[in-house]
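So you can see what is in the structure, the chains are spelled out below.
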Amino acid sequence: MGPKAKKSGSKKKRITKADQLKQLQEEEEKRQKEEEEARVKYEKEEMERLEIQRTEKEKLRKLEAKDLERRNEELEELYLLEACFPEAEKLKRDSRMLSQLIEKLKLILLETPSYDLQEKNIIQYQGSILELQELLHLKFNIATEILLRQASTLADLDSGNMEKVIRDENVTLYVWANLKKNPRYRSIRFAETQIGFEIPRILATSDIALRLLHTRYDHVTPLDPVPTASQEHTSTVTYFGKDKVKSVEAAVSKDLQEEYKEQENESNSVHEEETKVDEQGGIEGQTSSVQEEPEATRYELEMKLLSETVSAAQLLLLENATEKPYFPEENEVDLCQFTALGGVHHLDILELPPQCKPRKGWMIVEILKEGLQKYTYPPETAEDFETENTFPPIQVMLEVHENVIFFENPMVARWDAEGKHWKTDGISNVSYKSEERLITFSLDTFGPVTFIQDAHVNMPYQSWELRPLDVNEVLLTVTTVYTEIQIQIKENLCMLASIKLNNKKHSSILEEKWMTPVSFIIALKEAGLNIFPTGHSHFYVIINYKLPLVEVKAYRQMALLSSAFAFGWSKWNIVCDSNKVVFQVREHLPKEEPIQNPNWTLLMFSGDRAQSLKINESSDAFSEALKEETEFHSTLYHMVKDFASKEAMKKVRCSSCQFVDTLCHMLLSTRLLSYS
C-alpha cells in the first residue's frame, strides 16, 4: 500500500495589526451609525407622540368648548322634554283624588244598608284603618262563637268531634272542637289539606276548640311610619307656589293695564277721531291679551313649581338612610331586613262555649256575657305541674300559600303582643318540605304566626335589560341569583310578563294582570319577588353606590328614550366613580327582528355630561377615554341623537308623559344602577 497523500490546503492567513485596527474602526463606525439612527428615530417618534398628544388635547379642548357653547340650548331642550313628568304628576293627582272618592263611596255602599244609605252617607268613612281592623277581627270572633255553639250538631260521625273549613278569597277559617275529649285522639288533620296539629294529652282531654284563621293580608304588623316631614315640605312648596302665582299674576296684569293706558293716551293725542272706532276693538283685544298672558304665565309657573316638586320627590326615593330606624332586641325580627310573606296565621286555643240543646222543638243555648274566651296554654300558674312534661309545645303543620315564592327555607315568627313586634323565640323543630310546600314547627304558646324571608334575597342583581316593544311599551328584565323577572310596562300600567326559577319557567297568579305601578310593586313584594330596595337596604346588601342626583337624571332620561332605545347592564359600572354611571345602549326599533349579537354602545353619564366610551364589555381594563369621532353632550338624549336614526327620534318624541313617568317610577324603585 503506497504512502498517504498529504492534505491539501494552505496555512491560515495571519491577521496583521493594521487589519485589526481597521476592523475595530469599522465596527466603531457601525455602532455610531446605529446609535445615530436610533437617536433620530427616537426623536422623530417623540415628536410624533407629542404632536398626537397636542392634537388630542386640542381636540378635547374644542369639544369641551363646543359642549359649553351648546349646553344651555341642550338643557333647555331637555327641560321641555322633561315637562312630561309634572304633567304626569298632575294627571296622577287628579286620578288619586277621583280614586279616593270612589273608595269612600265603595266603603259606604259596603257598610251601610241600602235603606239607610242616604241618611248615613257622611258617617262610615270616618273610621281609621286600625278601627276597621279591630272591627274585622271582632266579626271573625262572633262568627267563630256562633259556629262553636253548634259544634255538637256539626260533629263528624267517625271522630265525634267537629271540624269545619270555611274559605274566602282572602280568608280561610279552620275550626276544630274537642267534643269527645278522647286522650288518644291527639293528631288533628283538616280534610283535603295537610294543615293540622299534634296536641298534648292535657289539651286532648279539655273542653277546648282550636282555631286557625289564615288571612292573606297582614293586619298585625304595624303600619310603616308616614314621612310627615316630606309632606310638610311639599305643602310648604305648594303654598308658596300659590302665593307666588297670585303675586306674579297681579304684577303682570298691572303692567299690561298700564301699558295699555299709555298706548291709549298716545293714540288719542295723534288720531282722536280714528281711535274712537279702534278703541272698541282694541279694548277687547287688549282685555283678552291681559287675561291670556297672566293665565299662560300662571300655568308656566305652576308647572315649573310642580316640576321641582316631582324632582325632589324622585330624589327622595333614592336617598339612603344614614342610620337604622331602630336596633332590634334579642330574637326580634328586623322588619328592615326581613319581610313577612303569605299573610298571617292566627292560632288560638278557645274555651268551648255551651252547646245548643234541642228541647221540644226548640234549640236552647246559653250565651255567655263575656263572649268567646281564650284558653290559656300553658296556664299562668302551673306550680303543681312539671311544665316541660305536662305542657309541651304544640306541633303545627301549615301550608305555604301557592302564590308566594320562598327562595330559601322560610323562617317562622310569632307576634309579641306586648312588645308589638315579631319574634323568633318560643318556636322550635322547624322543618320545610318545599315540594309539598308544608312547614312544620313546635310552638310554646298560640298566637299570630307568619313566615319571613330575607327581603334582600334577590339583591344585588346580576344583570338587567330594558327593551322597547312598541311606542309607550317596554320589557324590563332583571336577573338575580335565583330568578329572572320580566316586567312589561305599557302606558301607565305594569304587568308581570314571566318569571323563571332556576332557568325554568314558573307560573304566577300575577301574570297577565295589569296594575298601576304602586299596586304592582306591592303585589310583587307580597309574592316574595322583592326587587325594590328601601332607604335602609344598603345596610344589608353590598351595593354599588351612586350619587342619587346622578341616578335620578339617568333614570329620567332613560325613560324618555325607552320607546326606541334598549339599555343594558355593564360590568364597568362597578369600576367607575360614584358620581358616574356606565351602561350599554343601542337603537332598537320595535319592528326589528331580534339580533343574535347586537352592537351595543357603552355610555358614561355624570348627570351633566354624557360620552361614548372607547372600551367595550370585552375590554381588559376600564378607561374613560372618549370613543373616536364622538363628542361630549350634556344629556343622554343629545348623546344618542348623534348616532340615532330619524325614525328612532320620532318615536321618542311620540312617547306619552304617563308612560315615561310610569317607567321612570319603576327604574327609581328598582335602582338598577346601584343594586346590580
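Not measured: the values here are computed from a predicted model. (Residues numbered from 1 in each chain as written. Predicted model: local features only at pLDDT ≥ 70, side-chain atom pairs only at ≥ 80, totals over all residues. Heavy atoms only, no water.)

## Let's talk about the overall build of the protein chain
Argument step 1. Each helix and strand in the protein chain was counted, giving 12 helices and 23 strands.
Argument step 2. Looking at the protein chain residue by residue over its 676 residues, the buried ones come to 39%.
Argument step 3. Counted over contacts in the protein chain with a minimum sequence separation of 6, partners at least 24 positions apart contribute 67%. (Helix = DSSP H or I, 4+ residues; strand = E, 2+ residues; numbered from the N terminus. Buried < 20%, exposed > 50% of the residue type's maximum accessible area, 1.4 Å probe, protein only. Contact = heavy atoms within 4.5 Å.)

## Re the side chain of Asn320
Argument step 1. Structurally, the position occupied by Asn320 is in the loop between helix H6 (272–317) and strand S6 (338–351).
Argument step 2. Looking at Asn320, its side chain comes within polar contact range of the side chain of Arg671, at 2.9 Å.
Argument step 3. Excluding its chain neighbours within four sequence positions, the residues that come into contact with Asn320 are Gly535, His538, Ile543, Tyr545, Arg671 and Tyr675. (Polar contact = N/O pair within 3.5 Å; in protein donor to acceptor, adjacent residues only side chain to side chain.)

## Here we look at the nonpolar core
Within soluble globular proteins, side chains that are nonpolar tend to cluster in buried spots.
Argument step 1. One finds Ile487, Phe565, Phe567 and Phe583 to be the most contacted residues of the largest nonpolar core, which totals 66 residues.
Argument step 2. Of the residues forming this core, the biggest block, 8 residues, is contributed by helix H9 (residues 548–561).
Argument step 3. Tyr174, Ile208, Tyr432 and Ile439 belong to the second largest nonpolar core, which has 32 residues in total. (Core = buried A, V, L, I, M, F, W, Y, C linked by side-chain atoms within 4.5 Å.)

## Looking at the environment of Gln611
Argument step 1. Its place among the elements puts Gln611 in strand S23 (residues 610–612).
Argument step 2. Residue classification places Gln611 among the buried positions, given a relative accessible area of 8%.
Argument step 3. For the pair Gln611 and Lys627, spaced 16 residues apart in the sequence, the C-alpha separation amounts to 8.0 Å.
Argument step 4. A polar contact of 3.0 Å, which involves the side chain of Gln611, links it to the backbone oxygen of Glu624.

## Remarks on the packing of H9 against helix H12 (residues 657–670)
Argument step 1. Between H9 and H12, whose axes approach to 8 Å, the crossing angle comes to 140°. With respect to H12, the axis of H9 lies oblique. H9 and H12 meet at a crossing whose hand is right-handed. Residues Val552, Tyr555, Arg556, Met558, Ala559 and Leu560 of H9 lie in contact with H12, whose contacting residues are Phe659, Val660, Leu663, Cys664, Leu667 and Leu668.
Argument step 2. Class assignment for the residues of the contact of H9 with H12 results in 11 nonpolar, no polar and 1 charged. (Axes fitted to C-alpha atoms, helices over the stretch in contact; angles between N-to-C directions. Parallel < 35°, antiparallel > 145°, perpendicular 65-115°, else oblique. Left-handed = near helix turned anticlockwise from the far one by under 90°. Nonpolar A, V, L, I, M, F, W, Y, C, P; charged D, E, K, R; others polar.)

## Some details on the environment of Lys614
Argument step 1. Summarising the element assignment, Lys614 is placed in the loop between S23 and helix H10 (636–641).
Argument step 2. Classification of Lys614 by relative accessible area gives exposed; the value is 52%.
Argument step 3. Residues Lys614 and Thr630, 16 residues apart in the sequence, show an inter-C-alpha distance of 9.6 Å.
Argument step 4. When residues no more than four places from it in sequence are discounted, the contact partners of Lys614 are Ala625, Leu626, Lys627 and Glu628.

## A look at the packing of aromatic side chains
Argument step 1. In total, this model carries 9 aromatic pairs according to the counting rule given.
Argument step 2. Pairing Phe190 with Phe197 gives two aromatic rings, centres 6.4 Å apart and planes at 80°, and the pair type is edge-to-face.
Argument step 3. What makes Phe190 buried here is its relative accessible area of 2%.
Argument step 4. Taken together, a centroid distance of 5.8 Å and an interplanar angle of 40° make the contact between Phe197 and Phe446 tilted. (Phe/Tyr/Trp six-rings, centres within 6.5 Å; stacked < 30°, edge-to-face > 60°.)

## A word on the pairing of strand S15 (residues 463–470)
Argument step 1. Relative to strand S16 (residues 473–479), S15 runs antiparallel, the two sharing 7 bridges. Within S16, the position partnered with Ser463 by the bridge is Thr479.
Argument step 2. Between S15 and the antiparallel strand that follows it, S16, lie 2 residues; Asn472 among them carries a positive phi value of about 65°.
Argument step 3. Examined bridge by bridge, S15 and strand S20 (residues 565–568) share 2 bridges and lie antiparallel to one another. Across the sheet, the residue bridging to Leu466 is Phe567, located in S20. (Pairing = 2+ DSSP bridges.)

Function cannot be inferred from these measures alone, as they are strictly geometric.
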